[in-house]
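Architecture and fold: a report
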Amino acid sequence: MEERKVITKTDDSDFSHKREFAQRMSFAKFQELLQRNVNKSFTKTFTTYTKELLRTYITSPNSNQDNLREISRFLCRYSMLYKKLLMYYPSMPLYYYNLTQENDFSKTINGNKALKDYQTVLKNFKSFNLPKDSFNQMYMALRDGFSVFELYDSEEEGKVFMPLDVQYCRIYGKTIDGEWIVYFDAAYFDKGDNSYYVQGIDGDTSGCWSDQHVQGYNDYKSKGRDFEWYRLDPNTTFCLTTCPDDEFYAPLPYYLPLFELILDNIDLQELINNRNALENYVLLVSKIPMVDGSDQLDDFSLSLELVQQMQSLINSVVPELIGTVYSPMEIEKIEFPRSNTTSSNDELAQSASNIFTNAGASQLVISGGTSTNSVGLKHALQNDMSTCWVFVDKIQSWYNHYLKSCVSEGYTFMIHKITWYNQDEYQSAMKDAATVGGSALDYLTSLMGNPYDAYCKLMFENAIGIKNLMIPLRTSYTQSGSSNTGGAPTKNDDDLSPEGVASRDGGKNAGTKANE
């Protein structure tokens, strides 16, 4: 009997490292790149999660990865505090970058050729939207534990990163230059209308996802479950993890240790809201009168039908927080005394503070804390930036991989360590370095965002001589007096203060411009 060969992974030989560009697409195809068919209705229900359910999932995190990610997404929708936490690190960097050409120090550089090659590389990178893409990649990685994006490249319209559902992605290792190798589950296309992405819609179009998905799905359908998982091209697949490398097999949401505290905060807010609503509640009691002198049981002076009709009229006009009741007996006053609202607010503030204390992020920056210590805030921001740059360095690493594998060797990509919080300080340091002979391009890109824009502005302004047209206004700050001795023009006696008159009369300014 012939032995059956079981194949669990696609052949690695098709992924040798070659210098080749990412997949090209026509603009018509580019427009078809949709996450779902807009002609189809889309509904999704969400589970309300509790601390007990969370604890159950955490006891077996590997088998509950998807459930834990759903809790993270639930908190995104339900807790603004959690959403702000997720946005904090991704929104911190400005994502300004520079590209440096690598050269042999022992050889003379051909300036014209080097500039032409450099321009080609800069124009290629200019088609990336680095701030937007990097924000989305880091945000989704913090929310889900890792994020996977596929790069679609149109020479005419630029580059677009399309997010892939991490529920159907698995990390299996690293490439030779340290980037993650990701496999995708072809069973994804059997869910709902997802087959449209690789087979087209009702025969009117062709599949708009890349050929690797079309081929992977066709192999899965024709060859069986042994081919369910297929490898994605590392040159067009971006993968960012927020976990240590030894946990790549089960990347969990970055803020998972805070989930119980955040759920506590949500519960506390609801408890305070319910208590405030109860404190505003009023109960109106309508007493049914009895017949005077009667010794008969239930001898009311009004019929119950009339009482009920009147009660119905009252119920139709009272506000929502006022209750009504009718009774033949005396009822003590019912009231709900107001609690100490200051104490409630303190409890809520302490709950939020506990979240930030455990997160290691600055509460003052994210949600407005009470501390006004500028020195402490500065060091807190430096600490937050060091954490943020762990993820930024991973993004930078992928772009260097893409640069060498798909564009050109001999260049290095660098993201400036500049954020919204240290912008002035960083730019000043780059200016000081350029002043003493350092890189002028580092300084310019820290101001303009990228080297292509910097070069274009400099060359254009020099070509049209715009700097020759920039003549400053003639003021006392830009012109001197009639002599060449320096200093500001001499003031009239009428313009001098009493102290100035005394100084002039006393000859204290002798030998200076002010004495003329």
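Overview of the confidence of the model for the protein chain
For the protein chain, per-residue confidence averages 78 on the pLDDT scale, and 69% of positions sit at 70 or higher. Note on residues 1-28: pLDDT under 50 across the span, and 56 contacts to partners over four residues away in sequence or across chains. Contacts of residues 34-38 to residues separated by more than four positions or lying in other chains number ten contacts, the stretch itself having pLDDT below 50.

A few points about helix α14 (residues 423-435)
An ideal rise of 1.5 Å per residue puts 18 Å on 13 residues; α14 measures up with 18 Å between its terminal C-alpha atoms. For α14, the complete set of buried residues consists of Tyr-426, Gln-427 and Met-430. Viewed along the axis of α14, the buried residues span an arc of 95°, placing them on a single side of the element. Counted as exposed and oriented over 90 degrees from the buried face of α14: Asp-424, Glu-425 and Thr-435. Summarising the contacts, the buried residues of α14 are in contact with α15 (440-448). Backbone geometry just after α14 places Gly-437 at a positive phi near 105°.

With respect to the pattern of salt bridges
Per the counting criterion, the structure on display carries twelve salt bridges. With a shortest N-O distance of 3.6 Å, Lys-221 and Asp-190 are connected by a salt bridge. One end of the pair, Lys-221, is in helix α8 (residues 211-223); the other, Asp-190, is in the loop between β5 (180-185) and α7 (196-199), with 31 residues separating them in the sequence. Salt bridges sharing common partners tie together Glu-70, Arg-73, Arg-143 and Asp-144.

Examining the sheet that holds strand β6 (residues 229-231)
By definition, the strands of a sheet pair up through backbone hydrogen bonds, in either a parallel or an antiparallel sense. Sheet architecture is open: three strands sit in the order β4-β5-β6, paired in antiparallel fashion. The strands lining the two open edges of the sheet, one partner per strand, are β4 (169-174) and β6. For this sheet, the mean angle separating the axes of adjacent strands, direction not counted, is 35°. Bridging between β4 and β5 involves five bridges; their strand directions are antiparallel. Paired with Ile-171 across the strands is Val-182, a residue of β5. Of the strands in this sheet, β5 and β6 are in contact with α8, which crosses β6 at around 145°.

Things to note about the sheet that holds strand β3 (residues 158-164)
Spatial ordering of the open sheet is given by β3-β2-β7, a layout of three strands whose pairing is antiparallel. The open sheet is flanked by β3 and β7 (237-241), the only strands paired with a single partner. Averaged over all pairs of adjacent strands, the angle between strand axes in this sheet comes to 25°, irrespective of strand direction. Bridge count for strand β2 (residues 146-154) against β3 is seven bridges, and the pairing is antiparallel. Residue pairing across strands places Asp-153 opposite Lys-159, the latter belonging to β3. Contacts between helix α6 (residues 130-144) and the sheet are confined to β2, β3 and β7, with β2 contributing the most and set at about 155° to the helix.

Cut-off values and rules
For every chain, the first residue of the written sequence is number 1, and numbering continues from 1 along that sequence. With pLDDT at 70 or above as the cut-off, local features in this predicted model cover only qualifying residues; side-chain atom pairs require 80 or more to be listed or tallied, and sums for whole chains, interfaces and linings still use all residues. To get the side-chain values, take all heavy atoms of the structure and skip hydrogens and water. Confidence per residue, as judged by the predictor, is encoded in pLDDT with a range of 0 to 100. For this analysis, residues touch if any pair of their heavy atoms sits within 4.5 Å. The helix and strand labels rest on DSSP assignments: H or I over at least four residues marks a helix, E over at least two residues marks a strand, and numbering proceeds from the N terminus. In this scheme, a helix's expected span is set at 1.5 Å multiplied by one less than its residue total. Burial classes: relative accessible area under 20% of the type maximum marks a residue as buried, over 50% as exposed, and values in between as partly exposed (1.4 Å probe, protein chains only). As used here, the arc is the angular range of directions from the helix axis to the C-beta atoms. Should a side-chain nitrogen of Lys or Arg be within 4 Å of a carboxyl oxygen of Asp or Glu, the pair is scored as a salt bridge. Only strands joined by at least two bridges in the DSSP assignment are considered to pair. Note on method: axes are straight lines fitted to C-alpha atoms, helices fitted across the in-contact stretch only, with angles between N-to-C directions ranging 0 to 180 degrees.

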